[in-house]
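Geometric and topological summary
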Amino acid sequence: MEKMWQGRFNESSSKLLEEFNASISFDKELFEYDIKGSIAHAKMLANQQILTNDEKEKIVFGLNQILGEIREDKFEFKIEDEDIHMAIEKRLSEIIGKEIGGKLHTARSRNDQVAVDFKMYVMDKNLEISNLILNLISTLNSIAKNNLDTLMPGFTHLQHAQPVSLAFHMLAYANMFKRDFYRFKDSFERNSFSPLGSAALAGTPHNIDRFFTANELNFKSPTSNALDSVSNRDFALEILFNISVLFMHTSRLCEELILWSSSEFKFIEISDKFSTGSSIMPQKKNPDVAELIRGKTGRVYGNLISLLTTMKALPLAYNKDMQEDKEGVFDSVKTAISSLIILNEMLKTTKFNKDNLLKACKMGHLSATDLADYLVKEKNIPFRQAHFITGKCVSLAESKGLDLSEISLDDLKSIDKSIDEKALDVLNLQNSKEARKSYGGTANESVRKQIVEIDEFLKNSQI
Ligand code: ARG
């Protein structure tokens, strides 16, 4: 079959080359953007009197017909057409004739065409993912609102450390996802410039209006340098990076959900709707969703490293290596969208076992630091000595099979007679959580501020 670029060739391509070279099997994903970009380009060409109005009308008609054909699955994607851009252009000429169809590519190259299509895709998906992040933050904030007084152990080294509230713990994640949201937003702003009209690498002698097409396609303005515009894939790398950091966060959340649903923790019960069974062990209920999201972090990181490596040391401008830019992005985007949707639904239906969370707080002497702080503040004992005395109290509690928060005043006095009634208050777990009124701390008044902050962020960030 004759190629669009056949002119200077005497022999036709090998079948092997056709298959190896083609990207249509995956870049067909871009068809909506390709058609949108071509319509904007045709309108601009007509405005600039490079096309007549009639030619433009025919081109737009043909492109819209192709849009319908692809949407309705009536379009035949052929490997010989190489990529989505040439497949659409060829079909256009079939519909409206070569004479006019052949004029669409005036003042444009596939190099700026693919760059603008891919950028529009990435920016659309950026907004879709950003919205899903907002939904997730909203769910975390709702859990927080309902659990200001739900005590749970805070951990360091995965060892019980200090009492916190479930609200406080959920808000830690809300803040991570808030930064993720802003990362996507920053990328959107930074990349909102249209490469269309950069042509192959050097611009064009035709009198085009790149500001018009940029505006038609919802970009802020055209990119400044044609050579950079067709060489650039930073926008694709940014979405891959943003998704990678997002997944680093979701993988930490999912890891905790997996741990918390185990018999050792029993902090949560993931609803039946989002759990799976075992083919051999009838009693099993597995947290597959959380494990899969944790696991998918691997492919998401892989896609980032893969494109970074592809782009490394590529000479300017377009090189065919860059055709390798799409599949990883499509994969990470789909992975992010499906994972965020299911994670949000799963969280909404997860039950937190308040009794077990509290029971866990009574293991590990979570308020020990409070006793040491009390000895420093109330009894003017140097911190090192206070640490030692508290250690003794812990050891006594352990020998009696008690948590430090359950020890009697007499027992405390047997270690240091200066200890008084107030120590019991200080050792109380709720009081320990409430004592940390520092900005960003665990006390309810402080956590309420964090909730309000997230509410305001959600209110101001709707897309
Ligand atoms: N299919 C190509 C890609 O995805 C389109 C650009 C081709 N440009 C070229 N000069 N061969 O990268």
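Residues numbered from 1 in each chain as written. Predicted model: local features only at pLDDT ≥ 70, side-chain atom pairs only at ≥ 80, totals over all residues. Heavy atoms only, no water.

**Re the side chain of T250**
Basically, it comes down to this: Each helix is a run of H or I in the DSSP string that is no shorter than four residues. Each strand is a run of E no shorter than two, and both are numbered from the N terminus. Partly exposed residues are those whose accessible area sits between 20% and 50% of the maximum for their type, while under 20% is buried and over 50% is exposed, using a 1.4 Å probe and protein chains only. Two N or O atoms count as a polar contact when they lie within 3.5 Å, although within protein this holds only if one can serve as hydrogen donor and the other as acceptor, and sequence-adjacent residues are included solely when both atoms are side-chain atoms. Residue contacts are defined here by distance: any two heavy atoms, one from each residue, within 4.5 Å place the two residues in contact.
For T250, the position within the fold is in helix α11 (residues 234–260). Looking at T250, the relative accessible area reads 2%, which means it is buried. At a separation of 3.2 Å, a polar atom in the side chain of T250 contacts the main-chain carbonyl oxygen of F247. Beyond its immediate stretch of four places on either side in the chain, T250 contacts F177, I293, L340 and L343.

**Here's the deal with the layout of surface pockets**
Short version of the rule: Here a cavity means grid points, on a 1 Å grid over the protein atoms only, where a 1.4 Å probe fits yet cannot get out; a pocket means an open set of points with protein on both sides within 12 Å along at least five of seven lines; lining residues are those with an atom within 4 Å of a point. Grid points are joined across faces, edges and corners, and a volume is the space filled by probe spheres set on the points. Polarity classes work like this: nonpolar for Ala, Val, Leu, Ile, Met, Phe, Trp, Tyr, Cys and Pro, charged for Asp, Glu, Lys and Arg, and polar for all others, with Gly in that last group.
The computed volume of the largest pocket comes to approximately 450 Å³. Around the largest pocket, the lining is made up of 17 residues, and of these E2, K3, M4, E89 and K90 lie nearest the centre. Counting only elements with at least two residues in the lining of the largest pocket, the list comes to α5 (84–96) and α7 (110–145). In terms of residue count, α5 provides more of the lining of the largest pocket than any other element does, five residues in total. When its residues are assigned to classes, the lining of the largest pocket shows four nonpolar, five polar and eight charged.

**Re the UniProt feature "domain: Fumarate lyase N-terminal" (unreviewed entry) in the chain**
We apply this condition: UniProt positions are given in the numbering used here, feature names are shortened, and annotations may be inferred rather than shown by experiment.
Per the UniProt entry, the sites bearing "domain: Fumarate lyase N-terminal" (unreviewed entry) are residues 7–302 in this numbering. In this annotation, residues 7–302 is assigned 61% helix and 6% strand; the end-to-end C-alpha distance for the span is 40 Å.

**Considering the pairing of strand β1 (residues 151–156)**
Regular strands show a simple pattern: their side chains alternate between the two faces of the sheet. Heads up, the rule is: Strands were regarded as paired on the criterion that DSSP finds at least two bridges between them.
Two strands pair when backbone bridges link them, and β1 and strand β2 (residues 159–165) are joined in this way by six bridges, in the antiparallel orientation. Following the sheet pairing, M152 is matched in β2 by V164. Counting the residues in the hairpin turn of β1 and β2 gives two residues, including H157, whose phi is positive at 55 degrees.

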